[in-house]
Amino acid sequence: MPIPFLPLSVHVLERGWLSANSILFFDDDDTASVVDTGYVLHAAQTVALVRLAMGSRKLTRIVNTHLHSDHCGGNAALQAAAGGAACCTITVPVGELQAVNAWDEDALSFRATGQHAAGFSAADSIAAGDTLCLGGLRWRVYAAPGHDPHALILFQPEARVLISGDALWEHGFGVIFPEMVGEAGFGATRETLQVIEALEPACVIPGHGAPFVDVAASLVRARSRLRAFEDDPKRHARHGLRVLLKFQLLQQQSIDREALQAWFEAADLVTRTARCFWPGCKVRTVFSETLDGLVLAGAARLDAGLVCNAETA
Ligand SMILES: [Zn+2]
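Residues numbered from 1 in each chain as written. Predicted model: local features only at pLDDT ≥ 70, side-chain atom pairs only at ≥ 80, totals over all residues. Heavy atoms only, no water.

### Regarding the overall build of the chain
- Summing up its helical and strand segments, the chain has 12 helices and 14 strands in all.
- For 313 residues, the compact-globule estimate of 2.2 N^0.38 gives 20 Å, and the chain sits close to it at 19 Å.
- Seen through its C-alpha atoms, the chain measures out along the principal axes to roughly 60 × 40 × 40 Å.
- For the chain, the residues scored as buried account for 52% of the 313 residues in total.
- Sequence separation of 24 or more characterises 67% of the internal contacts of the chain that already satisfy a separation of 6 or more. (Helix = DSSP H or I, 4+ residues; strand = E, 2+ residues; numbered from the N terminus. Rg over C-alpha atoms; globule rule 2.2 N^0.38 Å. Buried < 20%, exposed > 50% of the residue type's maximum accessible area, 1.4 Å probe, protein only. Contact = heavy atoms within 4.5 Å.)

Structure, rendered in structure tokens:
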């Protein structure tokens, strides 16, 4: 169904938290492009949803705002379904081009976060300052570091529509991953929010959640959240660990507590975060506290030896 404020050639496939939204563009009667493709576990569903929305059009281009597993996990399956790399190209942020084409899982985030993606190659890249033609419209590309140093956002100046990835949601933004290991990220996040405000979008299509139009209110919330994290970086680290653990629960739905702990203790980003913010603590203690936090928030529940996913109201 068309969403007010969005050009008719732009279609949002709203997903959940495990899979980011996909944004589909009808380039003309015959072809379509898509921005972001969800998590690998949902790849078949993504292919089906894109096919249904496209009708008889052919998918000729896949573009990623950034290469987190929940944004590029359907790239390989969608490209294969479209007839392979000769029919459908993949475009990634310039900062990730080399790592993708070497499929360097250490440089990409999948190994460190203990998440998965199906391998793919990119035909080209986009960078801040570029213009991209999608859905018959010209989209300007802006850098959006903070959540991810290589992340990009896309802005359509006539319709004033912003595709924000995880740089701005209606209620917050993605975990500022560099800060979890003591590297700078808060300042970049602040600057990215500034860039978004200066664009004055009439409508934001976020990476997660429905498109929204009260952008000023979302910026107030984002800045207040950022300030709280800057005041207490440990709080942000704790939040980041909960997000990573919740992502596992969303995948598994229910998992043996010991298996979940083993995953936690093996994920490089988790152990680095624990060493950075809880240097005197065993990782298993950090795991227990992280899990307790999720249970208290209603995002997980314990059932005998199992940890089960739970949906907060
Ligand atoms: Zn992300």
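### Examining the sheet that holds strand S14 (residues 306-309)
- Within the open sheet, the 3 strands sit side by side as S12-S14-S13. Their pairing is antiparallel. Edge positions in the sheet fall to strand S12 (254-256) and strand S13 (300-303), since each has one partner strand and no second. Averaged over all adjacent pairs, the angle separating strand axes in this sheet is 25°, with direction ignored.
- Judged from the 3 bridges that link them, S12 and S14 form a sheet pairing that is antiparallel. (Pairing = 2+ DSSP bridges. Axes fitted to C-alpha atoms, helices over the stretch in contact; angles between N-to-C directions.)

### Brief notes about the packing of helix H10 (residues 257-266) against helix H11 (residues 268-277)
- Between H10 and H11, the shortest axis-to-axis distance is 5 Å and the interhelical angle comes to 70°. By the angle class used here, H10 and H11 are roughly perpendicular. Judged by residue contacts, Trp 263, Phe 264, Glu 265 and Ala 266 of H10 engage Asp 268, Val 270 and Thr 271 from H11.
- Of the residues contributing to the contact of H10 with H11, the split by class is 4 nonpolar, 1 polar and 2 charged. (Parallel < 35°, antiparallel > 145°, perpendicular 65-115°, else oblique. Nonpolar A, V, L, I, M, F, W, Y, C, P; charged D, E, K, R; others polar.)

### Quick look at empty space enclosed by the protein
- Under the criterion given, the structure shown has 1 cavity of 30 Å³ or more.
- Of the pockets and cavities examined, the largest cavity occupies roughly 40 Å³.
- Classifying every residue of the lining of the largest cavity gives 5 nonpolar, 5 polar and 1 charged. (1 Å grid on protein atoms, 1.4 Å probe; cavity = no way out; pocket = protein on both sides within 12 Å on 5 of 7 lines; lining within 4 Å. Points joined across faces, edges and corners; volume = space filled by probe spheres on them.)

### Concerning the coordination of the zinc ion
- The coordination sphere of the zinc ion contains the protein donors His 66 (NE2), His 68 (ND1), His 147 (NE2) and Asp 166 (OD), at a distance range of 2.1 to 2.3 Å.
- Because the angles between the 4 donor atoms bound to the zinc ion fall within 85 to 173°, the donor set is best described as irregular.
- As a motif over one chain, the donors of the zinc ion read H-x1-H-x78-H-x18-D. With His 68 in the loop between strand S4 (58-63) and helix H2 (69-72) and His 147 in the loop between strand S8 (137-143) and strand S9 (152-156), this residue pair connects regions lying 79 residues apart in the sequence.
- Residue classification places His 147 among the buried residues on the basis of a relative accessible area of 9%. (Donors = N, O, S within 2.8 Å, 3.2 Å for Na, K, Ca; no water. Tetrahedral: all angles 85-135°; square planar, octahedral: opposite > 155°, others 65-115°.)

### A look at the packing of aromatic side chains
- Following the criterion strictly, the structure yields 9 aromatic pairs and no others.
- Between Phe 173 and Phe 229, the ring centres sit 6.4 Å apart and the planes meet at 75°, which makes this aromatic pair edge-to-face. Of this pair, Phe 173 sits in the loop between strand S10 (161-165) and helix H6 (177-180) while Phe 229 sits in helix H8 (residues 215-231), and the two are 56 residues apart along the sequence. The pair Phe 173 / Phe 229 is uniform in exposure class, with both members buried.
- With a centroid separation of 6.1 Å and 55° between ring planes, the pair formed by Phe 277 and Trp 278 is classed as tilted. The burial state of Phe 277 is the same as that of Trp 278; both residues are buried. (Phe/Tyr/Trp six-rings, centres within 6.5 Å; stacked < 30°, edge-to-face > 60°.)

### As for the sheet that holds S10
- The strand order across the open sheet built from 5 strands is S7-S8-S9-S10-S11, with neighbouring strands paired in mixed fashion. The outermost strands of the open sheet, each flanked by one partner alone, are strand S7 (131-134) and strand S11 (203-206). On average, adjacent strands in this sheet sit at an angle of 30° to one another, irrespective of strand direction.
- Relative to S10, S9 runs antiparallel, the two sharing 3 bridges. Across the sheet, Gln 156 pairs through a bridge with Val 161, a residue of S10.
- Across the sheet, helix H7 (residues 186-199) is in contact with S8, S9 and S10; its angle to S8 comes to roughly 150°.

### As for the nonpolar core
- In this structure, Leu 245, Leu 260, Trp 263 and Phe 264 are the most contacted members of the largest nonpolar core, which totals 26 residues.
- Counting residues per element, this core draws most heavily on helix H9 (residues 233-252), at 5 residues.
- Counting only domains with at least three residues in this core, you end up with domain 1 (10-230) and domain 2 (252-309).
- When sequence neighbours within four positions are dropped, the list of residues in contact with Trp 263 reads Thr 113, Gly 114, Leu 244, Leu 245, Gln 248 and Val 270.
- Counting 23 residues, the second-largest nonpolar core is a separate cluster that includes Ala 32, Val 34, Val 50 and Leu 108. (Core = buried A, V, L, I, M, F, W, Y, C linked by side-chain atoms within 4.5 Å. Domains from an automatic or database assignment.)

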